[in-house]
Amino acid sequence: MSSTALATRGGVQRAPNPSGLADVLDLILDKGLVIDLYVRVSLVGIELLTIDARIVVASVDTYLRFAEAVNRLDLTEVDDSQNLPELIEDLQQGGAKKKTKGALQGAKDSISDVFSSDDDDEDQDGGEDEREEEEERPRRRRRTSSNGNRSSRRRRTRERD
Amino acid sequence: MDGGLYVYGVVRAGESMPPPRAGIEGRPVSVIERPPLAALVSDAPAGPVKASRKNLMAHSDVLQGVVPERTVLPMRFGVVMPDEDAVSDELLRGHEEELVAQLDTFEGLVELDLKIVCPEDVLMRAIVAERPDIAELSMELRGRSPDATYYERIQLGELVAQATAGKRDELAKLVVGRLEPLSLRTDIGDPTHEEMLLNVAFLVERARVEAFDDAVRSLEGELAPGMQLKYVGPLPPYRFVEMGEEAAWA
């Protein structure tokens, strides 16, 4: 099932189905309709991936790592052709949309809704699935350090006129 | 059965259904109808539903099996209701008006998701190429002891982080600017990992999906080398479903 189409230049294919665990998590773990009273999910082995995925880390650790990454570059080979198109306006500054909680909710709610209903994840057996998931995690997961700032969730929906 | 019913999504009643795929824990999926609505369900295991790879993929697969032919409102992973009456009365009847309104809203529309991923070294090169101040500071720090340059390295990293955020915004502007005219709504999400520069969803008319494909391909040619596009769909409108705020649970 190689439905993930990565870019060969100019020839990206649309994959009909989400294929990777990370993609599916991004879609169905905190998006879609939910009925508060009836969410019953155990997130054993999944938490770190999803929580970290939601955090754009701004911490000393991250800065030091970025600095290291830049200092590793051989600056004599820097190639100007890699510039991105010059664009000015900041698109992502839309404030996170706040909603009051109804019993039936939509996509814009926080993942904490799911976590709060995860009341007994301690007694799950660590089966084969967890090990598979371990391998699927992004290579570089970073926890926020104590002085880290959690970025606000930058998501917004815009309707075309 | 004592585990209750796991709910995948809501569709209109009475339309022909593609043969359902196996659901979570390999259980068969069936349809509970309460016209004008119907819910896709399967027996749930006792206890919490494990967010295992298999179950997560099964939830997605069940909905993907329906989406080519039907408008479906996707539930979030892990919704379990006690029994058929609860699904029928509390979900389908109790929220009939909103659910019907949502189905009307999304009739004939699908979600297409686009992500742009860029390996860290490629990104760093692009940033350094555009920001002489960053290149200069980096050169100054090389060969000096890490302890002596601690604060300067933090400063350098902070500049890089800002530049990365700038890249994300530029890309969002480029991509959304190009594709928005072909879509009805756009949803810019958070990157799900550090090498992701853009995570955006579009709500698109089924009839325009091919035109959208063409636009995505032409956009791809304009991305900096090393950037990869991931393009998935048609999906149910995961990132666009939203119920009214008056939907208080009775």
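Please read all numbers here as calculations on a predicted model, not as lab measurements. (Residues numbered from 1 in each chain as written. Chains lettered and ligands numbered in written order. Predicted model: local features only at pLDDT ≥ 70, side-chain atom pairs only at ≥ 80, totals over all residues. Heavy atoms only, no water.)

## Notes on the overall build of chain A
- When helices and strands are tallied, chain A shows 5 helices and 4 strands.
- Along chain A, helices (α) and strands (β) appear in the sequence α-β-β-α-α-β-α-α-β when read from the amino end.
- The buried share of chain A, taken over its 161 residues, is 45%.
- As displayed, chain A has an accessible area near 8500 Å², and 46% of this comes from carbon and sulfur atoms. (Helix = DSSP H or I, 4+ residues; strand = E, 2+ residues; numbered from the N terminus. Buried < 20%, exposed > 50% of the residue type's maximum accessible area, 1.4 Å probe, protein only. Areas by Shrake-Rupley, 256 points an atom, 1.4 Å probe, with all protein chains shown as cover.)

## With respect to the packing of aromatic side chains
Residue and element names in this part refer to chain B.
- For the structure shown, the criterion picks out 5 aromatic pairs over all chains.
- Summarising the aromatic geometry, the rings of phenylalanine 212 and tyrosine 231 are spaced 6.3 Å apart at their centres and angled 35° between planes, so their arrangement reads as tilted. Note that phenylalanine 212 is positioned in helix H7 (residues 209-220) and tyrosine 231 in strand S10 (residues 228-235), a separation of 19 residues in sequence.
- Exposure remark for phenylalanine 212: the relative accessible area of 0% places this residue in the buried category.
- Every member of this aromatic cluster is reached through a ring pair, and the members are Tyr6, Tyr8 and Phe77. (Phe/Tyr/Trp six-rings, centres within 6.5 Å; stacked < 30°, edge-to-face > 60°.)

## Here's the deal with the nonpolar core
- Ranked by internal contacts, the top residues of the largest apolar core, which has 60 residues, are Val7(B), Leu56(B), Phe77(B), Val79(B), Met81(B), Val87(B) and Leu91(B).
- Counting only domains with at least three residues in this core, you end up with domain 1 (5-107) and domain 2 (111-235) of chain B.
- If you look at the next biggest cluster of nonpolar residues, it comprises 52 residues, including Val70(A), Ile154(B), Leu156(B) and Val204(B). (Core = buried A, V, L, I, M, F, W, Y, C linked by side-chain atoms within 4.5 Å. Domains from an automatic or database assignment.)

## A look at unusual backbone geometry
Residues and elements named next belong to chain B.
- Here the bond from proline 35 into proline 36 is cis, since omega is 10°, no more than 30 degrees from zero.
- Residue placement: proline 36 occurs in the loop between strand S2 (30-34) and strand S3 (37-43).
- Cis geometry is adopted by the peptide bond preceding proline 234, which originates at glycine 233 and carries an omega value of 5°.
- By the element assignment, proline 234 lies in strand S10.
- In this model, glutamate 25 sits at a positive phi of 55°, which is unusual for a non-glycine residue.
- By secondary structure assignment, the location of glutamate 25 is in the loop between strand S1 (5-12) and S2.

## A few points about the pattern of salt bridges
- A complete count under the given rule lists 19 salt bridges over all chains for this structure.
- Close ionic contact of Lys115(B) with Asp26(A) constitutes a salt bridge, the shortest N to O distance being 3.6 Å. Taken together, the residues Lys115(B) in strand S7 (residues 109-117) and Asp26(A) in helix H1 (residues 21-28) connect one chain to another. Each member of the pair, Lys115(B) as well as Asp26(A), carries the same accessibility label: buried.
- Note that Arg178(B) and Glu222(B) form a salt bridge whose closest N and O atoms lie 2.7 Å from each other. Taken together, the residues Arg178(B) in helix H6 (residues 150-179) and Glu222(B) in the loop between H7 and S10 connect sequence positions 44 residues apart.
- Salt bridges linked by common partners bring Asp23(A), Asp26(A), Lys31(A), Lys115(B) and Lys230(B) together as one network. (Salt bridge = Lys/Arg side-chain N within 4 Å of Asp/Glu carboxyl O.)

## Remarks on the domain arrangement of chain B
Residues and elements named next belong to chain B.
- Domain annotation of chain B identifies domain 1 (5-107) and domain 2 (111-235).
- Here the C-alpha centroids of domain 1 and domain 2 sit 35 Å apart.
- At the junction of the two partners, domain 1 supplies 8 residues and domain 2 supplies 5 residues.
- Contact with domain 2 buries surface across domain 1, with Gln64, Val67 and Phe106 losing the most and accounting together for 71% of the total.
- Summed over the shared surface of domain 1 and domain 2, the number is 0 salt bridges. (Contact = heavy atoms within 4.5 Å. Buried area = accessible area lost by both parts, 1.4 Å probe.)

## A few points about the confidence of the model for chain B
All names here are of chain B.
- Confidence in the prediction for chain B averages 91 pLDDT; 96% of positions are at 70 or higher.
- Confidence drops under pLDDT 50 across residues 245-250; counting only partners more than four residues distant or on other chains, this segment forms 15 contacts.
- The ipTM, which scores confidence in the relative placement of chains, is 0.82 for this predicted complex, and the corresponding pTM is 0.74. (pLDDT = per-residue confidence, 0-100.)

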